[in-house]
Amino acid sequence: MAEGSVAGAVREDRLWQRHVDMAKLGGTPRGGVNRQALSAEDAAARNLLGTWAKARGFATFTDTIGNLFVRREGTDAKARPVLSGSHMDSQPTGGRFDGMYGVLAAFEALEALEDAGVRTKRPVVAVAWTNEEGSRFQPGAMGSAVFAGQYELEDMLQMKDWKGVVVKEALVETLKAAPAPMRDGKPGFPLDGYVEAHIEQGPRLENDKKTIGVVTAIQGSRRYIVETLGEEAHAGTTPRAARKDAFAAALRVAQAMYEATTDKDDTLRFTIGRVDVAPGSPNTVPGKATFTIDMRHPSDAVLEAHEKKLKEIVAAKAAPCTAKIERVNAVAPTNFDPMVIDLVRAKTNALRLPNMDMPSGAGHDAMHIAGLCPAGMIFVPCERGISHNESENAVPADLAAGARVLVEVLTALANR
Ligand code: GLV
Ligand code: MN
Ligand code: MN
C-alpha cells in the first residue's frame with residue numbers, strides 16, 4: 001500500500017465530532033470539562049467509547065485497575081499488539097482535548113485502518129488509561145503505572161480522594177455503570193510498541209508554526225504532600241505569641257520553598273496546587289494545613305537535590321508548629337525509543353507536515369509504558385499553549401494531522 005493511503009482514511013469531521021460528543025460528558029458552563037477519574041462522567045465517556053467500538057465490530061475489555069481497551073485484530077492473533085491511547089479523565093477545570101485527544105486519535109486510527117481495508121500483522125489496540133490526571137486520586141498516571149508494574153494494584157486500590165472515597169469503591173461503581181469484559185489476572189500484557197498522541201499543552205509548536213511535535217523525552221516529576229500541625233484556638237482572644245497557627249506555618253514553609261526552587265534559567269517547575277486549612281472556620285486559628293507540591297525537571301539529580309532542600313525547609317520553618325512532608329510519587333525522566341522517534345519523524349515528513357523534535361514538559365501515560373516496549377509520542381498544537389484550563393482549544397485540522405501521523409506509525413509498527 002502506498003505511503004499515506006491509510007492516513008488518507010482519517011476523517012477530520014468524524015474525529016472532531018467525537019471530541020464534541022465527549023465534551024458534553026462533564027461539560028462545564030465555560031466550555032471545558034470536569035470529568036474526574038472514576039466519576040459518573042468518566043463512566044459515561046467509557047460507555048460512549050464502548051458504543052462506538054461495538055458499532056465498528058471492535059472488541060472491548062477492561063482490567064482490574066479499570067484501563068479500557070478497544071482491539072482491532074491483526075492477521076496473527078498471537079502476535080504482540082501495538083497500543084495507542086491516553087486518558088479520558090480531566091482536571092476539575094479541564095479542557096476538551098487533554099487526554100481525550102489521544103484516546104480519540106487512537107480510535108480514529110482503528111477506524112481508518114478499517115475503512116481503508118488494511119490488515120496489519122499485529123493487533124492494534126486503543127486504550128483509555130484510568131486516572132492519568134491524579135487530581136482526584138493521587139498518584140496520577142495510575143492505570144498505566146499499574147499496567148507497567150510500577151505501582152502495586154493493591155496499594156492503588158486503597159488510595160483515597162479528598163472526601164475519603166477509595167479507588168476500589170469508585171472503580172466498582174464505574175465498572176458497574178460502564179461494564180466491559182474483564183481481562184483475567186493482573187493488569188499488563190506483552191506489547192510490541194506504544195504511541196501516544198496528545199496536545200502539546202505548551203506554546204512551542206504554535207510559536208514555531210509547526211503542526212507536529214516529535215516527542216523525544218518527558219521530564220521527571222515528583223509529588224508531595226506537606227502537613228503542618230498547630231493548635232486550634234479562638235481567633236478573637238488568643239494573642240499572637242500564644243498561637244500555633246498551622247496556616248501561618250504553611251505559608252512560611254511555602255515561601256521558603258518558592259525561593260529555594262527558583263532557578264536562573266526557569267527549568268525547574270514548582271507548583272503548590274491545593275491548600276486545605278482545617279477546621280476551615282473564619283474565627284478559629286487553624287490547627288492543620290495541608291498542601292500539595294508538584295515539582296519537575298529533566299534531570300533526576302536536580303529533583304533529588306531539591307527534594308533534600310524541601311525536607312530541610314519543612315524541618316526549619318514550621319516552629320512553633322510541627323510539619324512533615326511525604327513524597328506521593330516520583331517518576332524519573334523518560335527518553336523515548338530512537339526507533340519510534342525516527343519513525344514518527346519519517347511519517348510526519350512523508351505527509352509533508354511541518355514538525356520539530358521536542359521534549360514534553362507534561363507527564364503522560366507513555367512515561368510508564370516506555371519501560372515495557374518501544375514507545376513514543378506525537379504532539380499537536382493547542383491554542384496559545386493553554387491547558388489545564390477550560391478554555392483549552394485546538395483546531396480540527398491539527399488534530400486530524402496528528403491522527404494521520406499516528407495511523408501511519410501504528411501501521412508500520414503493527415507490520416514489524
Ligand atoms: C498531567 O496532566 C501532568 O500533570 O503532567
Ligand atoms: Mn494529558
Ligand atoms: Mn492533564
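None of the values given here were measured: they were computed from a predicted structure.

Caption draft 1: Region of interest: the coordination of the manganese ion (ligand 2). Around the manganese ion (ligand 2), the protein contributes the donor atoms H87 (NE2), D98 (OD) and H198 (NE2), which lie 2.0 to 2.3 Å from the metal centre. Coordination of the manganese ion (ligand 2) draws on donor residues from a single chain, spaced H-x10-D-x99-H in sequence. Separating the manganese ion (ligand 2) from the manganese ion (ligand 3) is a distance of 3.6 Å, and D98 supplies a donor atom to each of them. Pair noted here: D98 is in the loop between strand 3 (82–87) and helix 3 (100–116) and H198 is in strand 5 (residues 193–199), with a separation of 100 residues, a long-range link. Of the two residues, D98 and H198, neither departs from the other in class, the shared state being buried.

Caption draft 2: How the structure looks around the coordination of the manganese ion (ligand 3). Those protein atoms acting as donors to the manganese ion (ligand 3) are D98 (OD), E133 (OE), E133 (OE) and H388 (NE2), and they sit at 2.1 to 2.4 Å. On the primary sequence, the residues serving as donors to the manganese ion (ligand 3) are separated as D-x34-E-x254-H. The exposure class of E133 is buried, given its relative accessible area of 4%.

Caption draft 3: Structural context of the site of ligand 1. Close to ligand 1 lie E132, E133, R223, R296, A362, G363 and H388, which account for all nearby residues. Within the contact set of ligand 1, an oxygen atom lies 2.6 Å away from a backbone nitrogen or oxygen of G363. H388 places a side-chain nitrogen or oxygen 3.1 Å from an oxygen atom of ligand 1. Considering ligand 1 on its own, with 190 Å² of exposed area, one finds that the protein chains cover 92% of that surface. The class makeup of the residues in the shell around ligand 1 is one nonpolar, two polar and four charged.

Caption draft 4: Main features of the nonpolar core. Counting 97 residues, the largest nonpolar core has L49, F69 and Y194 as its most contacted members. In contact with F69, other than residues within four places in its own chain, are A59, T60, F61, D63, L83, V125, A126, V127, W129, F147 and F189.

Caption draft 5: Inspection of helix 10 (residues 338–350) at higher detail. Spanning 13 residues, helix 10 covers 18 Å between terminal C-alpha atoms, matching the ideal 18 Å at 1.5 Å per step. Of the residues making up helix 10, those classed as buried are V340, I341, L343, V344, K347 and T348. Down the axis of helix 10, the sector holding all buried residues measures 165 degrees, keeping them to one side. Those residues of helix 10 that are buried lie in contact with strand 5, strand 6 (212–218), strand 15 (355–360), strand 16 (375–380) and helix 12 (396–414). Among the residues of helix 10, the N-terminal cap falls to D337, whose side-chain oxygen and the backbone nitrogen of M339 are separated by 2.8 Å. R352 lies just past helix 10 and shows a positive phi near 55 degrees.

Caption draft 6: Structural view of a nonpolar patch on the surface. Residues F247, L251, V275 and V277 make up a contiguous nonpolar surface patch of about 310 Å² in total accessible area. For the nonpolar patch, the secondary-structure elements that each account for two or more residues are helix 8 (246–260) and strand 10 (275–278). With respect to the helices and strands, V275 occurs in strand 10. Using a relative accessible area of 44% as the deciding quantity, one classes V275 as partly exposed.

Caption draft 7: Spatial organisation of the packing of aromatic side chains. For the coordinates displayed, the defined rule picks out 12 aromatic pairs. Relative to F189, the ring of F61 lies with its centre 6.1 Å away and its plane at 50 degrees, an arrangement referred to as tilted. Here F61 is found in strand 1 (residues 59–62), whereas its partner F189 is found in the loop between helix 6 (167–177) and strand 5, with 128 residues between them in sequence. A relative accessible area of 13% means that F189 is categorised as buried. It is R18 that lies over the ring of W52; its NZ or CZ is 4.2 Å from the centre. Geometry around W162 places R274 over its ring, the cationic atom sitting 4.0 Å from the centre.

The rules behind these values
Residues numbered from 1 in each chain as written. Chains lettered and ligands numbered in written order. Predicted model: local features only at pLDDT ≥ 70, side-chain atom pairs only at ≥ 80, totals over all residues. Heavy atoms only, no water. Donors = N, O, S within 2.8 Å, 3.2 Å for Na, K, Ca; no water. Helix = DSSP H or I, 4+ residues; strand = E, 2+ residues; numbered from the N terminus. Buried < 20%, exposed > 50% of the residue type's maximum accessible area, 1.4 Å probe, protein only. Near = heavy atom within 4 Å. Polar contact = N/O pair within 3.5 Å; in protein donor to acceptor, adjacent residues only side chain to side chain. Areas by Shrake-Rupley, 256 points an atom, 1.4 Å probe, with all protein chains shown as cover. Nonpolar A, V, L, I, M, F, W, Y, C, P; charged D, E, K, R; others polar. Core = buried A, V, L, I, M, F, W, Y, C linked by side-chain atoms within 4.5 Å. Contact = heavy atoms within 4.5 Å. Expected span 1.5 Å × (residues − 1). Arc of directions from axis to C-beta. Patch = residues over 30% accessible without salt bridge, like charges linked within 9 Å, V, L, I, M, F, W, Y side chains within 5 Å. Salt bridge = Lys/Arg side-chain N within 4 Å of Asp/Glu carboxyl O. Phe/Tyr/Trp six-rings, centres within 6.5 Å; stacked < 30°, edge-to-face > 60°. Lys NZ or Arg CZ within 6 Å of the ring centre and 35° of its normal.

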